[in-house]
Amino acid sequence: MKKIVLALTAAALFSLAVTGCGKSDTKTTTASETTTTSEAATANETTTAPETTTTSEATTAVPETTADVVIQDFSLDIPEGMQELEPEEGFEFTCIAEDGSNINMNVQDKDPSFSMVTADLLNQALTAMMKQAYDTDITIEDKYFKTENVSGFPAYQYRFSYEMEGVVLEHLTVGIDADKTYTFTYTDFSGTGAWMDAFEANVKSIRLIPE
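Residues numbered from 1 in each chain as written. Predicted model: local features only at pLDDT ≥ 70, side-chain atom pairs only at ≥ 80, totals over all residues. Heavy atoms only, no water.

## Examining the overall build of the chain
And then number 1: Counting its regular elements, the chain contains 3 helices and 10 strands.
And then number 2: Going from the N terminus to the C terminus, the chain shows its helices and strands as α-β-β-β-β-β-α-β-β-β-β-α-β.
And then number 3: When each of the 211 residues of the chain is scored for burial, the buried share is 49%.
And then number 4: Here the contacts in the chain between residues at least 6 apart in sequence split such that 64% fall between residues at least 24 apart.
And then number 5: Carbon and sulfur atoms form 49% of the exposed surface of the chain, whose accessible area is close to 10,400 Å². (Helix = DSSP H or I, 4+ residues; strand = E, 2+ residues; numbered from the N terminus. Buried < 20%, exposed > 50% of the residue type's maximum accessible area, 1.4 Å probe, protein only. Contact = heavy atoms within 4.5 Å. Areas by Shrake-Rupley, 256 points an atom, 1.4 Å probe, with all protein chains shown as cover.)

Here you go:
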């Protein structure tokens, strides 16, 4: 139980560090668990882990959203071995595995500085939040940061790891710039990175559904 609480707490802190402390006033959406990838891809699509880039290569600005849309719902595949839980306050969706590994999503007001996000900024924000929350210093190891559309919207993906209370956590966060800022946070609590291939493939199943 302590590991699960720690995992959810870390995810919450990271989401707040990225998107701010104000909760969005958009209507609550519900994630629909899909057993096929019909919404995300054709049945014979092969998903591969993204090519890694160095932080210095990945500071290219995220392109701005080009169309005015209102998102009414979202969906993503729930990986095998995870189950959906009632999300904590501030989140719209949570699913979790027995080892504490989890996926969370939250929605915040649209961030006008979204296109300026870099790995360095995210690293600094999370480090500061963890220091404030736990009065402890952590060292974040950047794995990669890249910008590419997710569900047709400008987005970034940031993978990193750090050690907290003797446990190595691997994270992948996906920020999407639509009518609001949608942040999907994947946390691997296995200590071995066992979930990361599934998490990276899962990004392809994310769909923001407009009105």
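## As for the packing of aromatic side chains
And then number 1: The final tally for this structure, using the stated rule, is 9 aromatic pairs.
And then number 2: A ring pair is formed by Tyr-158 and Phe-160, whose centres lie 4.8 Å apart and whose planes are at 25 degrees; its orientation type is stacked. Exposure class is identical for Tyr-158 and Phe-160. Each is buried. (Phe/Tyr/Trp six-rings, centres within 6.5 Å; stacked < 30°, edge-to-face > 60°.)

## A look at unusual backbone geometry
And then number 1: Phi is positive for Asp-135, close to 50 degrees, though the residue is something other than glycine.
And then number 2: Positionally, Asp-135 belongs in the loop between helix H2 (119-134) and strand E6 (141-147).
And then number 3: Its identity is not glycine, yet Ser-151 carries a phi of approximately 55 degrees, on the positive side.
And then number 4: When you line up the elements, Ser-151 lands in the loop between E6 and strand E7 (155-164).

## Comments concerning the nonpolar core
Among soluble globular proteins, nonpolar side chains are generally buried collectively.
And then number 1: Judged by nonpolar contacts, the single largest core of 28 residues is most densely connected at Ile-176, Tyr-182, Phe-184, Tyr-186 and Leu-208.
And then number 2: Elements supplying a minimum of two residues to this core: strand E2 (71-75), strand E4 (93-97), strand E5 (102-108), strand E8 (167-177), strand E9 (181-188) and helix H3 (196-202).
And then number 3: For Leu-208, the contacting residues outside a window of four places in its chain are Ile-71, Asp-73, Phe-74, Ser-151, Phe-153, Ile-176, Ala-178, Tyr-182 and Phe-184. (Core = buried A, V, L, I, M, F, W, Y, C linked by side-chain atoms within 4.5 Å.)

## Points about the pairing of E4
And then number 1: Counting buried residues along E4, 5 of its 5 residues qualify, which places the element largely inside the surrounding structure.
And then number 2: Side chains Phe-93, Cys-95 and Ala-97 of E4 all project onto a buried face; the interleaved residues Thr-94 and Ile-96 project onto the opposite face, where all are buried too.
And then number 3: For strand E3 (residues 82-85) and E4, the ladder comprises 4 bridges, and the chain directions are antiparallel. Bridge assignment links Glu-84 to a residue of E4, and that residue is Cys-95.
And then number 4: Counting the residues between successive antiparallel strands, the hairpin from E4 to E5 contains 4 residues, one of them, Gly-100, with a positive phi of roughly 95 degrees. (Pairing = 2+ DSSP bridges.)

## Examining a negative patch on the surface
And then number 1: On the surface, Glu-84, Glu-86, Glu-88 and Glu-89 cluster together into a patch of negative charge.
And then number 2: For Glu-89, the position within the fold is in the loop between E3 and E4. (Patch = residues over 30% accessible without salt bridge, like charges linked within 9 Å, V, L, I, M, F, W, Y side chains within 5 Å. Salt bridge = Lys/Arg side-chain N within 4 Å of Asp/Glu carboxyl O. Lys, Arg positive; Asp, Glu negative; His and termini not counted. Charge placed at Lys NZ, Arg CZ, Asp CG, Glu CD.)

## Section: the confidence of the model for the chain
Low-pLDDT portions of the prediction should not be read for the details of their coordinates.
And then number 1: Summing up the model confidence of the chain, the mean pLDDT is 78 and the portion of residues at 70 or higher is 68%.
And then number 2: Every residue in residues 20-63 scores below 50 in pLDDT, and together they form 77 contacts with partners more than four places removed in sequence or on other chains. (pLDDT = per-residue confidence, 0-100.)

## Thoughts on the environment of Gly-81
And then number 1: Following the sequence through the fold, Gly-81 ends up in the loop between E2 and E3.
And then number 2: The class of Gly-81 is exposed, set by a relative accessible area of 56%.
And then number 3: Sequence spacing of Gly-81 and Glu-98 is 17 residues, and the spatial spacing of their C-alpha atoms is 7.9 Å.
And then number 4: Residues in contact with Gly-81, not counting those within four places in the same chain, are Ile-96, Ala-97, Glu-98 and Trp-195.

## Topic: the environment of Lys-131
And then number 1: Relative to the assigned elements, Lys-131 resides in helix H2.
And then number 2: Accessibility expressed as a relative area gives 35% for Lys-131, which makes it partly exposed.
And then number 3: Setting aside its immediate chain neighbours within four residues, Lys-131 contacts Thr-136 and Asp-137.

## Topic: the side chain of Thr-187
And then number 1: Here Thr-187 shows up in strand E9.
And then number 2: Within the local environment of Thr-187, its side chain forms a polar contact with the side chain of His-171, the two groups lying 3.1 Å apart. (Polar contact = N/O pair within 3.5 Å; in protein donor to acceptor, adjacent residues only side chain to side chain.)

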